[in-house]
Amino acid sequence: MDSPPVSPTPLLKTNETSVETKGEGRERFSSRLAFYFSAVGSAVGFGNVWRFPSLVFEYGGGAFFIPYLLALFLVGIPLLVLEISLGQHFQLGDVGCFGKIHERLRGVGLASIACGYMLVTYYSMLLAWTFNAFFASFRADNFWDQDEVSGTEAKEYFYQTIIGMDTLGDDQP
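Just so it is clear, the structure is predicted and the values come from calculations on it, not from any experiment.

Peer 1: How should the overall build of the protein chain be read in this particular structure?
Peer 2: Across its full length, the protein chain holds six helices and two strands. The order of α-helices and β-strands along the protein chain, N terminus first, is β-β-α-α-α-α-α-α. Of the contacts formed within the protein chain by residues at least 6 apart in sequence, a portion of 23% connects residues at least 24 apart. Per element, the accessible surface of the protein chain, about 14200 Å² overall, is 64% carbon and sulfur.

Rendered as structure tokens:
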């Protein structure tokens, strides 16, 4: 006794202009430009903006640039091409793509979803710190208006005022 096939209902309906629906409810990008912006937005993170320049400065410029380029061309770009090509070929999400390759690979898709969840949780904290530092720079008692601020003072200001580590001891009796 086979039951009739049930058409999947979309869990999320969007009215965004960058995504359009074709066929049986599968969302697609409306243009290549929207796809490129989405791909760059997901690939460029805080590590590229904050961490990499500080490491280059700390360890002498080009010494860190060579391993960065090797990781980019040997790991980063091939994995990006693999992810995009699997998504385009199967027209499914992470779990579905790897499940179509082999049923036991569905865990790889689940792992990528778990990694995305962890990334979003700590990025929200980093964004809060960034906004806090940005708006703190416009206050009248701006720390950077002082003459000759040392690196130790700047680090202490960041940890105590921007991140708020001085409030950690308040919870203890």
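Peer 1: What should I look at first to understand the nonpolar core in this one?
Peer 2: In globular proteins that are soluble, nonpolar side chains generally tend to be buried together. Residues Ala 136, Phe 143, Ala 154, Tyr 157 and Ile 162 constitute the largest nonpolar core, which totals five residues. If one sorts the elements of this core by residue count, helix H6 (residues 151–163) sits on top with three residues. If near-sequence neighbours (up to four positions away) are discounted, Ala 136 is found in contact with Asn 142, Tyr 157 and Ile 162.

Peer 1: Could you clarify how one ought to interpret the packing of helix H4 (residues 94–101) against helix H5 (residues 106–136) in this entry?
Peer 2: The geometry of a pair of packed helices is captured by two quantities: the angle between their axes and the separation between those axes. Running from N to C, H4 and H5 point in directions that differ by 160 degrees, and their axes come no closer than 7 Å. Viewed along their axes, H4 and H5 adopt a mutual orientation that is roughly antiparallel. The hand of the H4/H5 crossing is right-handed. When H4 is examined against H5, the residues Asp 94, Val 95, Phe 98 and Gly 99 are found in contact with a partner set consisting of Arg 106, Val 108, Gly 109, Leu 110, Ser 112 and Ile 113.

Peer 1: Quick question: what am I supposed to make of a nonpolar patch on the surface here?
Peer 2: Residues Ile 66, Leu 70, Leu 74, Val 75, Leu 79 and Leu 82 make up a contiguous nonpolar surface patch of roughly 590 Å² in combined accessible area. Secondary-structure assignment places Leu 82 in helix H3 (residues 62–90). Given a relative accessible area of 41%, Leu 82 falls into the partly exposed group.

Peer 1: Is there a simple way to think about the packing of aromatic side chains in this case?
Peer 2: For any pair of aromatic rings, the description consists of the separation of the ring centres together with the inter-plane angle of the planes. Applying the stated criterion to the full structure yields six aromatic pairs. Between Phe 35 and Tyr 36 the ring centres are 5.9 Å apart and the planes differ by 55 degrees, which places this aromatic pair in the tilted class. A relative accessible area of 28% places Phe 35 in the partly exposed class. Ring geometry for Tyr 122 versus Tyr 123: centroids 5.2 Å apart, planes at 85 degrees, classification edge-to-face. Looking at Tyr 122, the relative accessible area reads 40%, which means it is partly exposed.

Peer 1: Looking at this structure, I do not really get H6. What am I missing?
Peer 2: Quick reminder: α-helices carry 3.6 residues per turn. Residues three or four places apart thus point the same way. What H6 keeps buried is the set Ala 154, Tyr 157 and Ile 162. Residues of H6 that are buried sit in contact with H5. Once H6 finishes, Gly 164 follows within two positions and takes phi at roughly 90 degrees, a positive value.

Peer 1: Any chance you could explain the packing of H5 against H6 here in plain terms?
Peer 2: As a packed pair, H5 and H6 sit with axes 10 Å apart at the nearest point and diverge in direction by 105 degrees. By the angle between their directions, the pair H5 and H6 is classed as roughly perpendicular. Residues Trp 129, Asn 132, Ala 133 and Ala 136 of H5 form the contact with H6, whose participating residues are Tyr 157, Thr 161, Ile 162 and Ile 163. Its residues assigned to classes, the contact of H5 with H6 shows six nonpolar, two polar and no charged.

Parameters and conventions
- Residue indices follow the written sequence of each chain, beginning from 1 at its first position.
- Reporting of local features is limited, given that this is a predicted model, to residues whose pLDDT is at least 70; pairs of side-chain atoms are given and counted only at 80 or more, and all residues count toward the totals for whole chains, interfaces and linings.
- The basis for the side-chain values is all heavy atoms of the structure; hydrogens and waters are excluded.
- Here a strand is any run of E in DSSP of at least two residues, a helix any run of H or I of at least four, and the numbering for each starts at the N terminus.
- Residue contacts are counted whenever heavy atoms from the two residues lie within 4.5 Å of one another.
- Using the Shrake-Rupley algorithm and a 1.4 Å probe, accessible areas are obtained, with residue cover drawn only from the displayed protein chains.
- Side-chain atoms within 4.5 Å are what join buried Ala, Val, Leu, Ile, Met, Phe, Trp, Tyr and Cys residues into a set we call a nonpolar core.
- When a residue's accessible area, from a 1.4 Å probe over protein chains only, is under 20% of the maximum for its type it is buried; when over 50% it is exposed; and in between it is partly exposed.
- The angle between two axes is taken between their N-to-C directions and runs from 0 to 180 degrees, where each axis is a line fitted to C-alpha atoms and a helix contributes only its stretch in contact.
- Angle categories are assigned with fixed cut-offs, so that under 35 degrees is roughly parallel, over 145 is roughly antiparallel, 65 to 115 is roughly perpendicular, and the rest are oblique.
- We call a crossing left-handed when the near helix sits turned anticlockwise from the far one by less than a right angle, and right-handed when that turn is clockwise.
- Patch members must show over 30% relative accessible area and no salt bridge, and they are joined within 9 Å when carrying like charges or within 5 Å when they are nonpolar side chains of Val, Leu, Ile, Met, Phe, Trp or Tyr.
- Whenever a carboxyl oxygen of Asp or Glu lies within 4 Å of a side-chain nitrogen of Lys or Arg, that contact is scored as a salt bridge.
- Aromatic pairing here means that ring centres of Phe, Tyr or Trp (its six-membered ring) are within 6.5 Å. Orientation follows from the plane angle: under 30 degrees is stacked, over 60 is edge-to-face, and everything else is tilted.
- Each residue gets one of three labels, nonpolar for Ala, Val, Leu, Ile, Met, Phe, Trp, Tyr, Cys and Pro, charged for Asp, Glu, Lys and Arg, and polar for the others, Gly among them.

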